[in-house]
Amino acid sequence: MIRTIQTTPFDDQKPGTSGLRKKTRVFMQPNYLENFVQAILFELKETNGTSLVIGGDGRYYNRQAIQTIIKMAAANGIKHIYVAQNGLLSTPAASHFIRKYGISGGIILSASHNPGGIDEDFGVKFNTANGGPASESVTNSIYETSRNITHYLIADIPDIDMDSMGTAQVLQSTIHVFDGIDDYVQLMETLFDLERIKELLKTGFSLRLDAMNAATGPYLRAIFRDRLNMDEDTLLRCIPLEDFGGIHPDPNLKYAAGLVQELMRPDGPDFAAAFDGDGDRNMILGRGIFVTPSDSLAILAANAPSAPGYAAGICGIARSMPTSQAADRVAEKLNIPCFETPTGWKFFGNLLDAGLATICGEESFGTGSNHVREKDGIWAALLWLNILAVKGKSVQKIMHEHWQRFGRNYYSRHDYEAIDSKIAQDFMHEAEEILPSLKNKHLCGLTVKKAENFSYKDPVDGSLTQKQGICVAFEDGSRIVFRLSGTGTQGATLRVYLERYETPQGNLTRDTQEALKDLILWNETVFNTKQKIKKNAPDVIT
Ligand code: G1P
Ligand code: ZN
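Just so it is clear, the model here is predicted, and its values are computed rather than measured.

## Quick word on the packing of aromatic side chains
As enumerated under the stated definition, the model contains 17 aromatic pairs in all. Geometrically, the ring pair formed by Tyr82 and Phe178 is edge-to-face, given 6.5 Å between the ring centres and 70° between the ring planes. One end of the pair, Tyr82, is in strand E4 (residues 80-88); the other, Phe178, is in strand E9 (residues 173-178), and 96 residues separate them in sequence. Here the aromatic rings of Tyr310 and Trp379 are separated by 6.3 Å at their centres, their planes lie at 80°, and the arrangement is edge-to-face. In this pair, Tyr310 is assigned in the loop between helix H10 (293-303) and strand E15 (317-320) and Trp379 in helix H13 (residues 377-391), connecting sequence segments 69 residues apart. When sorted by exposure, Tyr310 lands in the same class as Trp379, which is buried. Members of the aromatic cluster, each reached through a chain of ring pairs, are Phe10, Phe27, Tyr32, Tyr61 and Phe122. One residue, Arg329, lies across the ring of Tyr501, its end atom 3.3 Å from the ring centre. The ring of Trp403 carries Arg408 above its face, with NZ or CZ at 3.9 Å from the centroid.

Rendered as structure tokens:
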């Protein structure tokens, strides 16, 4: 029943910021998925793992990949294999399931917010027993194994019925098909005052929640339709589709532009949130206002005690380096630490496990807390709603009051996509070389305080992660950060992050790009970015 298949390595199986992400057809070539999965299973066995949860965001190839992984996990002797019903499991729900039931690890099939389909993207992520994405050392070890792989094991059995709950015995393994929605909904019920939110909804408060045809749809229905009695028509695009209906399930100003437009109308809804393919990202909007993810992190941290799950207060905040420093100001006022980590959720895991931080976030539409070890889109929307219900104020009012108290970090990210990889590498290299010459440089009204390639020493395990992005910090709190994306599937993407601080007494309602124009000019003058990477303008401005 167990077949041993001879194979040869693929050189390109290095996991990036969130697992291995490639074009779907790459994954579909013979042995490609199998090699990588076998490398993960070797890793799992090495750490004496006996159980595994499998699920995905429902994109094209999800179901087939799950069948393959079940057969391989059984052939590798994994005792308990948990498969989400219909193969559907959001990333935060997977993290929770692992933690709640003490599972040894999880394989989540998702390319997050990237489009799905045979000609689009697919991805495999591996989470470890703490519920979080595998650490750098684990993913490196998986990569090394994949480079030397000679064979994989697979059970010669018919496909498992993953649409009905129940158990089946295969070889030495029990396959459990479980409800991927229930446990997550129960967790949300413990963290938030759903009754209070229900009251708010009864006052005529209007909202839109957009699942973008991806994984969060069934979760939104279970919480907002079934528990909160919300009208079905406020829940948008809640049926998961294999190609996400041809859209990018990416909750940002570009790909959720319709929702943004609706909220900008004077008679628009009071609140809206959109979620990405696998449910870990979120975008928050209020009537007439877009909440930048960096501001969202700061506001959620400042007001978390409004929700029962955080009534005792928070012990610390963590943000990725390119995320604005708005959260730092909240931490300072609360007299709690604020940690600055490299990009990628995995760096928050140690801080959360050690009880050093409660709330974390990234500028890339990711916020979360110690309730799981992933970012969590629906969690963010519920915490916002819980805060709005308790404060009885509009999103806009809460934002303005926050800025009046803490000052405002004007913030924007400029992405230059599909650049030739060599050109992008050269740009980063040259930028790094001029850093020493920038010290104290004064130009465009800005004086450089510090210019470095960011490195991070983990306060828990002492591990050092280097070259995580070039950061130029100025005397007035402004910053310019450069990083190359670790999740792209075509060429290289250069991200330029711009931030400028305005004090509570300053002008808090300027246009963002206008407020950042000195920094943009500084960047072009000193780094000559556009010319060097051969681009006329950013492809996406957030
Ligand atoms: C992007 C985001 C990063 C996030 C990651 C996974 O990675 O910038 O914050 O953790 O997706 O969702 P990047 O493409 O920048 O490497
Ligand atoms: Zn995602």
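There's plenty left to go through after this.
## Things to note about the site of ligand 1
Within the structure, ligand 1 sits among 15 residues, and Ser364, Ser485, Gly486, Thr487 and Arg495 are positioned closest to it. A distance of 2.9 Å is found between an oxygen atom of ligand 1 and a side-chain nitrogen or oxygen belonging to Arg281. Within the side chain of Arg495, an N or O atom sits 2.6 Å from an oxygen atom of ligand 1. Compared with its free state, where it exposes 380 Å², ligand 1 has 98% of that area covered by protein. Grouping the amino acids of the shell around ligand 1 by side-chain chemistry returns no nonpolar, 8 polar and 7 charged.

## A word on the packing of H10 against helix H11 (residues 326-334)
Where H10 meets H11, the closest approach of the two axes is 8 Å, and the angle between their N-to-C directions is 15°. In terms of axis orientation, H10 runs roughly parallel to H11. When you trace H10 past H11, the crossing you get is right-handed. On H11, the residues touching Ser294, Asp295, Leu297, Ala298, Ala301 and Ala302 of H10 are Ala326, Ala327, Val330 and Leu334. When grouped by side-chain class, the residues that make up the contact of H10 with H11 number 8 nonpolar, 1 polar and 1 charged.

## Things to note about the pattern of salt bridges
A side chain with one charge may pair with a side chain of the opposite charge, provided their charged atoms come close. Under the defined criterion, the tally for this structure stands at 40 salt bridges. Among the salt bridges present, the one from Asp119 reaches Arg25, with a minimum N-O distance of 2.8 Å. Here the residue Asp119 occupies a position in the loop between strand E5 (105-109) and strand E6 (121-128), and Arg25 occupies one in helix H1 (residues 24-28), the gap between them amounting to 94 residues. On the basis of relative accessibility, which here comes to 49%, the residue Asp119 falls in the partly exposed class. Salt-bridge contacts for Arg413 lead to Glu363; the nearest nitrogen and oxygen are separated by 3.0 Å. In this pair, Arg413 sits in strand E19 (residues 408-419) while Glu363 sits in the loop between strand E17 (359-362) and strand E18 (366-369), placing the two residues 50 residues apart along the sequence.

## Some remarks on the coordination of the zinc ion (ligand 2)
Every protein donor of the zinc ion (ligand 2) is accounted for by Ser112 (OG), Asp276 (OD), Asp278 (OD) and Asp280 (OD), and the metal-donor separations fall at 2.0 to 2.1 Å. Note that the zinc ion (ligand 2) binds 4 donor atoms; their angles at the metal cover 86 to 159°, and the shape is irregular. Sequence positions of the donors to the zinc ion (ligand 2) reduce to the motif S-x163-D-x1-D-x1-D. You can see Ser112 sitting in the loop between E5 and E6 and its partner Asp276 sitting in the loop between strand E12 (271-275) and strand E13 (282-286), a full 164 residues away along the chain. For the pair Ser112 and Asp276, one class covers both residues: buried.

## A look at the environment of Leu494
Here Leu494 is to be found in strand E26 (residues 492-502). Assessed through its relative accessible area of 0%, Leu494 is described here as buried. Residues Leu494 and Asp276, spaced 218 residues apart in sequence, show a C-alpha to C-alpha distance of 21 Å.

## Remarks on the nonpolar core
In terms of nonpolar packing, the biggest core is built from 75 residues, with Phe192, Leu209, Phe224, Phe271, Trp379 and Trp384 touching the most fellow members. The greatest single-element share of this core, amounting to 11 residues, is contributed by H13. In contact with Phe192, other than residues within four places in its own chain, are Ala307, Pro308, Tyr310, Trp379, Leu382, Leu383 and Asn386. Membership of the second largest hydrophobic core comes to 44 residues, among which are Leu20, Phe27, Leu33 and Ile157.

## Concerning the sheet that holds strand E3 (residues 51-56)
With respect to topology, 7 strands assemble into an open sheet ordered E2-E6-E5-E3-E4-E9-E8, the strand pairing being mixed. Each edge of the open sheet carries a strand with a single partner, namely strand E2 (20-23) and strand E8 (166-170). The average undirected angle you get between the axes of adjacent strands in this sheet is 15°. In terms of strand pairing, E3 meets E4 through 5 bridges, oriented parallel. By the bridge assignment for E4, Ile54 is matched with Val83. Against the sheet, helix H2 (residues 32-46) makes contact with E2, E3, E5 and E6, and its axis sits at roughly 5° relative to E6, the strand it touches most.

## So, the sheet that holds E17
The strand order across the open sheet formed by 4 strands is E16-E15-E17-E18, and the pairing between neighbours is mixed. At either end of the open sheet lies a strand with only one pairing partner, and these are strand E16 (338-341) and E18. The sheet shows a mean angle of 15° between the axes of neighbouring strands, taken without regard to direction. Packed on one face of the sheet, H11 meets E15 and E16 and runs near 165° to E15. Contacting E17 and E18, H13 runs over the sheet at an angle of about 75° to E18.

## Focus on unusual backbone geometry
Positive phi is not limited to glycine here, since Arg237 has a value of about 50°. Take Arg237: it is sitting in the loop between strand E11 (235-236) and helix H9 (257-264). For Cys444, which is not glycine, the phi torsion reads 50° and is therefore positive. Judged by its relative accessible area of 27%, Cys444 is partly exposed.

What counts as what
- Residues numbered from 1 in each chain as written.
- Chains lettered and ligands numbered in written order.
- Predicted model: local features only at pLDDT ≥ 70, side-chain atom pairs only at ≥ 80, totals over all residues.
- Heavy atoms only, no water.
- Phe/Tyr/Trp six-rings, centres within 6.5 Å; stacked < 30°, edge-to-face > 60°.
- Helix = DSSP H or I, 4+ residues; strand = E, 2+ residues; numbered from the N terminus.
- Buried < 20%, exposed > 50% of the residue type's maximum accessible area, 1.4 Å probe, protein only.
- Lys NZ or Arg CZ within 6 Å of the ring centre and 35° of its normal.
- Near = heavy atom within 4 Å.
- Polar contact = N/O pair within 3.5 Å; in protein donor to acceptor, adjacent residues only side chain to side chain.
- Areas by Shrake-Rupley, 256 points an atom, 1.4 Å probe, with all protein chains shown as cover.
- Nonpolar A, V, L, I, M, F, W, Y, C, P; charged D, E, K, R; others polar.
- Axes fitted to C-alpha atoms, helices over the stretch in contact; angles between N-to-C directions.
- Parallel < 35°, antiparallel > 145°, perpendicular 65-115°, else oblique.
- Left-handed = near helix turned anticlockwise from the far one by under 90°.
- Contact = heavy atoms within 4.5 Å.
- Salt bridge = Lys/Arg side-chain N within 4 Å of Asp/Glu carboxyl O.
- Donors = N, O, S within 2.8 Å, 3.2 Å for Na, K, Ca; no water.
- Tetrahedral: all angles 85-135°; square planar, octahedral: opposite > 155°, others 65-115°.
- Core = buried A, V, L, I, M, F, W, Y, C linked by side-chain atoms within 4.5 Å.
- Pairing = 2+ DSSP bridges.

By themselves, these are just geometric observations and shouldn't be taken as functional.
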